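Okay, here's what each chain looks like letter by letter:
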Amino acid sequence: AALKLSDSIETRFETDEARLLFQKKLLTTLGMAYCLKTEHDKALELFHSVLQLDKNDHDAPRNMRYLETLMKAADLKAKADKNFSMGSL
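Keep in mind that this is a model prediction, so the values were computed, not measured.

Asker: Before we go on, may I ask you to explain the overall build of the protein chain in this structure?
Answerer: When helices and strands are tallied, the protein chain shows four helices and zero strands. The buried share of the protein chain, reckoned over its 89 residues, is 22%. The long-range share in the protein chain, meaning contacts at least 24 apart out of those at least 6 apart in sequence, stands at 36%. Element-wise, carbon and sulfur atoms account for 57% of the exposed surface of the protein chain, whose accessible area totals about 6700 Å².

Asker: Is there a simple way to think about unusual backbone geometry in this case?
Answerer: The phi angle at Thr-38 is positive, at roughly 60°, despite the residue not being glycine. As for its placement among the helices and strands, Thr-38 is situated in the loop between α2 (16-36) and α3 (40-53).

Asker: I would appreciate a short explanation of α3 in the present structure.
Answerer: Here α3 is 14 residues long and its end C-alpha atoms lie 20 Å apart, about the 20 Å a rise of 1.5 Å per residue gives. The inward-facing, buried residues of α3 contact α2 and α4 (59-85).

The rules behind each value
Residues numbered from 1 in each chain as written. Predicted model: local features only at pLDDT ≥ 70, side-chain atom pairs only at ≥ 80, totals over all residues. Heavy atoms only, no water. Helix = DSSP H or I, 4+ residues; strand = E, 2+ residues; numbered from the N terminus. Buried < 20%, exposed > 50% of the residue type's maximum accessible area, 1.4 Å probe, protein only. Contact = heavy atoms within 4.5 Å. Areas by Shrake-Rupley, 256 points an atom, 1.4 Å probe, with all protein chains shown as cover. Expected span 1.5 Å × (residues − 1).

This is the structure:
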C-alpha cells in the first residue's frame, strides 16, 4: 500500500533529486519495518532497491550488513534454543 501511495506522491516533487530522496527513504523505512517483522528476504530486497536507485548510497550497505548480522543472530538463537530444549548445553 505504501509503495502504491508513493507513486501518486512522487509526481508532486519539483526535482528529480527530491523524488529520489523520497524513494530511498521510503524503501529504507519499509526495509526496516520488514526487519522488525522478521521478513528478512523482503527487507533485503528493499535495501537492494535503494542501491539500484543510487549506487553511491551509504546507508543501504550498512542496513544490509545490519540485516545479515540480525539473521545470523536469529539463526544462532534458534540453534541455542533447540539445544537448550534438548538439555544439551
